[in-house]
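Spelled out, the chains give:
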Amino acid sequence: MWPLIIVVFVLLLVPIVMYNSLIARRNQVRNIFATTDALLKKRFDLIPNLVATVKGYADHERKLLEDITKARANRTWDQISDDQKVEMDNAVTKAVGGVMAVVEKYPDLKAGENFLHLQRTLNELEEQISAARRAYNASVTDYNNAVEMFPTNLIAGLANFQRKAFFEVPADERQAPSVSSSANA
Amino acid sequence: MKTIEELRQFYDAVLLEDLQILEDKRRRVVNSFIITAAIVLAAGIAGFAITTGMGGPAPVAFVLPVVGLITGGIVFGVRRRDYAGDFKARIISQLVYFVDRNLTYNARACISQPEYMASKIFRQRPDRYKGDDYVSGRIGATQIEFSEVHSEYKTTSTDSKGRTQTHWHTIFKGLFFIADFNKHFTCEVFVLPDTAEKLFGRLGQKLQSLNVFRGQLVKLEDPEFERLFAVYGNDQIQARYILSTSLMDRITNFKKKSGRPVHLSFVGSKVYVAISYGKDLFEPRIFSTLLDFRPIQEYFEDLQLAVGIVEGLSLNTRIWSKS
């Protein structure tokens, strides 16, 4: 009788443990995405400052940034979908990189206290966003492994756990001048 | 960073004169050792002769060599300490100044035990803690300090006759380095030599993740770095904020350059680096001549290794919000 009880107990326990581990991994992914999201918003909110600081210098890049900010003008951050946020973030990274490259040509602007402070803050955020993306991708790898590997894939299939996409770092972002390259230092 | 060629010039121009004075002192230390050995030997022979002459063991036969050993030992010990102190004051302090003018050297001080414990690299509280050769100063924008540290814990065992014996075990022996880190952070991150993964592969990674005292295992993307180190932290994002891809690369290079076990921790806005050594650092040679460039080069390289951490880990890069 006892062996039978033990076998039934184990048969019940194993799927529960596997299901819980999948949930834990999925929550980890969500948790890290939430932090990444907060960082993206923080950087987005800095754009009006940057636009004001480089007024009269980097007109073309400034216009790009203004267009990006206009795109979200009538919506709160939560109303924007995750995909759109990522897209906007890529555009911001590119435009900020462009601004920084132009500023290199104006030593008086580059040396100004306002600009230096802003540059430091942007560098800091870029470094934090890059860390958050890497953490997100690591947690997605962990989660996807569990979704695809035997035996957790059986539970994942039954409970409809889907593979998650990585946070792609666009190639042109990796090459972006000034901010991205210096933030990697 | 100074080169070996510059060191050689410095050696010829500055150090050599002091080394010649110290070489005389060293000879006197060696002489006192030889004299002690000779006295003990002579006393031993005399004791043996007395024992044979009296036809049985006589107390004086044991007393003579013991008295000789104690007296000689004291003389040798005092001279040796005096010589080592003089060597450090003349040679090591000048070498430190040569490596970087902003550094100061104190032969008798060391990284304090509370600071050592604050690093949380070694969790075991030491029962005996000592160190010397303390160097501190500012390299560019980065405040640094390092010294030799030796921490030990003790165990006692009782044998069948009820005698208790104390055994001392080393927790850490080597160079302990502290610097102000160039980014703000609030989490704790530990970069430890990876033994489990090296031995057991994927299963090892599983074992690492069970190390609950250190926080979560942080799996990083750099395969070479991952092979050498296991990283733990209490915040997955901040751990990666600290360990940027380029810093991982720099730590890997530093570990290879040192050729020794290296532990790092990032706690309270500081970076702590513990480099294990089997030998005592910055100690003068006694039984071989001082007028040799090689040991000087060795002291210089040990100093450069520590000071070079600032450049090696790019701690002077202050492009983030921390100035």
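Residues numbered from 1 in each chain as written. Chains lettered and ligands numbered in written order. Predicted model: local features only at pLDDT ≥ 70, side-chain atom pairs only at ≥ 80, totals over all residues. Heavy atoms only, no water.

Participant: Can you help me understand the packing of helix α1 (residues 2–53) of chain A against helix α3 (residues 82–103) of chain A in this one?
Facilitator: Between two packed helices, what matters for the description is the angle formed by their axes and the separation of those axes. Residues and elements named next belong to chain A. Relative to each other, α1 and α3 sit at 45 degrees, their axes nearing to 10 Å. In terms of orientation, α1 and α3 fall into the oblique class. Handedness of the crossing formed by α1 with α3: left-handed. Across the interface between the two elements, Phe-33, Asp-37, Leu-40, Arg-43, Phe-44, Ile-47 and Leu-50 of α1 pack against Asp-82, Lys-85, Met-88, Asp-89, Val-92, Thr-93, Val-96, Val-99 and Met-100 of α3. (Axes fitted to C-alpha atoms, helices over the stretch in contact; angles between N-to-C directions. Helix = DSSP H or I, 4+ residues; strand = E, 2+ residues; numbered from the N terminus. Parallel < 35°, antiparallel > 145°, perpendicular 65-115°, else oblique. Left-handed = near helix turned anticlockwise from the far one by under 90°. Contact = heavy atoms within 4.5 Å.)

Participant: Help me out: how do you make sense of the pairing of strand β3 (residues 142–158) of chain B in this one?
Facilitator: Residues in a regular strand point their side chains to alternate faces of the sheet. All names here are of chain B. As defined by bridge partners, strand β2 (residues 128–139) adjoins β3 across 10 bridges and the pair is classed as antiparallel. Counterpart to Asp-132 in the pairing with β3 is Glu-148. Between the antiparallel neighbours β2 and β3 lie two residues, among them Gly-140 with a positive phi of about 60 degrees. Across 15 bridges, β3 lies against strand β4 (residues 164–180) in antiparallel orientation. Among the inter-strand pairings, Phe-146 is bridged to a residue of β4, identified as Phe-177. Here β3 hands over to β4 after five residues, with Gly-162 in that stretch at a positive phi of 85 degrees. (Pairing = 2+ DSSP bridges.)

Participant: Where do I start with the side chain of Asp-302 of chain B in this structure?
Facilitator: Residue and element names in this part refer to chain B. Tracing the chain through its elements places Asp-302 in helix α8 (residues 293–312). In this structure Asp-302 comes out as buried when scored by relative accessible area, which is 8%. In contact with Asp-302, not counting residues within four places along its chain, are Leu-175, Tyr-277, Lys-279, Leu-281 and Phe-282. (Buried < 20%, exposed > 50% of the residue type's maximum accessible area, 1.4 Å probe, protein only.)

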